[in-house]
Structure formats: structure tokens, C-alpha cells
Amino acid sequence: MVKKTFPSRFGKLPPLYRFILNPHKELRCSTCPDCAGKTLVRKVPLVVAVLPEQIATINKHCRYCPRCDILIVHKDELERMLVIAFEKRAPKVIGNEYLVIGVLEPTAWRRREKDSLLVASLPEYVHDIKEYLELEFIPAHWGPASPAAPPPR
Ligand SMILES: [Zn+2]
């Protein structure tokens, strides 16, 4: 059996965002982990691939730093929304490995409500994630947080 993996290139639009999936519930990222500036709240239609072969689009409030182009998504919140998205459609995949592979073009998100987008044509409307960053979080750290380091290749 061939082991399914996430597509390395999915969207056909130019890649966007340096992406952080924040696993720390106690950290809400109102400031940027890189430059320590205030982050903005931005609603972004995330494209999430769930193994073995499901794709969901989740329109979600994220934290965004315009200076660093960093988009931060809280893992617990995203997972709650994924459960809701798959509860009826494909309950078997709940709990499977997933990856936020990109973001949907906003006009495509609005159109999607009228005539549902076919998965086959979905890549036409998707910007892949440009870069994945890990969040370095030191609880009760006295002083500014260290900048996020890229994951090892
Ligand atoms: Zn920043």
C-alpha cells in the first residue's frame, strides 16, 4: 500500500504567508513572536489537507503580523473547526494527520457559498503557504521571546 503524504505543491497562485500553527493554549499571540509588534486579527479561508485524501476549507480568524508576513493559527481552535467540518462528511478522518497547505483566494471563498467548488479545480484558487515556522515558547520567560526558527529540513 502506498503511504499517502501531503502534496508538496498544491495551489497554482503565488505562495503567501509565513505560517505558524500555535500549539500553546496559554499563548494567544496578540504580539508577533518575531518582531514583538502588535498582531492584527484577520479572517482567512485556510485550505487544510487531512490524510489520506480530504481537503477542507476553514474560514478562520487568525493572527497576522504585516511587518513579518507571519500568519498564526491556534491549533486548538482549528482542530475544533476541523471536527465540525468532518463530523458528517467523513467522520473516519477525524484525528488523522493534517496540514494547512494554503489559503483560498477570498473571491473563491465567497463564490463557494453559491456553487460549491469542485476539489478538482480547487488548486486554481489556492495560494500555498510560503514557509512554515515553529513557535518557540518559553513559559514565564522574563524578557522578549526568541524569534521563531524555521523547522529543520
Ligand atoms: Zn512581526
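Quantities reported herein were computed from a predicted structural model and do not represent experimental measurements.

> An account of the pairing of strand β6 (residues 126–133) is requested, with residue identities and associated values reported.
Each regular strand displays side chains that alternate between the two surfaces of the sheet. With five bridges joining them, strand β1 (residues 13–22) and β6 adopt parallel strand pairing. Bridging across to β6, R18 finds its partner in E131. The pairing of strand β5 (residues 98–104) with β6 spans three bridges and is classified as antiparallel. Each residue of the ladder has a partner; that of L104, found in β6, is V126.

> I'd like to hear about unusual backbone geometry, residue by residue, with values.
Following L51, the chain continues to P52 via a peptide bond in cis, the omega torsion being 0°. Within the element layout of this structure, P52 appears in the loop between β2 (40–50) and β3 (54–65). Phi at C29 is positive, roughly 60°, even though this residue is not glycine. In this fold, C29 is placed in the loop between β1 and β2. We classify C29 as buried; it has 20 C-beta atoms within 10 Å. In this structure, D69 is a non-glycine residue whose phi angle is positive, near 60°. Among the structural elements, D69 can be located in the loop between β3 and β4 (70–74). On the neighbour-count criterion, D69 (14 C-beta atoms within 10 Å) is partly exposed.

> Got a sec to walk through the nonpolar core? Specific residues and values, please.
Of all hydrophobic cores here, the largest spans 29 residues; its most connected members are V48 and L71. Top element by residues in this core is β2. It accounts for six residues. Leave out the neighbours within four places in its chain, and V48 touches A56, I58, L82, Y98 and V100.

Rules behind the numbers
- Residues numbered from 1 in each chain as written.
- Predicted model: local features only at pLDDT ≥ 70, side-chain atom pairs only at ≥ 80, totals over all residues.
- Pairing = 2+ DSSP bridges.
- Helix = DSSP H or I, 4+ residues; strand = E, 2+ residues; numbered from the N terminus.
- Buried ≥ 20, exposed ≤ 12 C-beta atoms within 10 Å, placed from the backbone.
- Core = buried A, V, L, I, M, F, W, Y, C linked by C-beta atoms within 7 Å.
- Contact = placed C-beta atoms within 7 Å.

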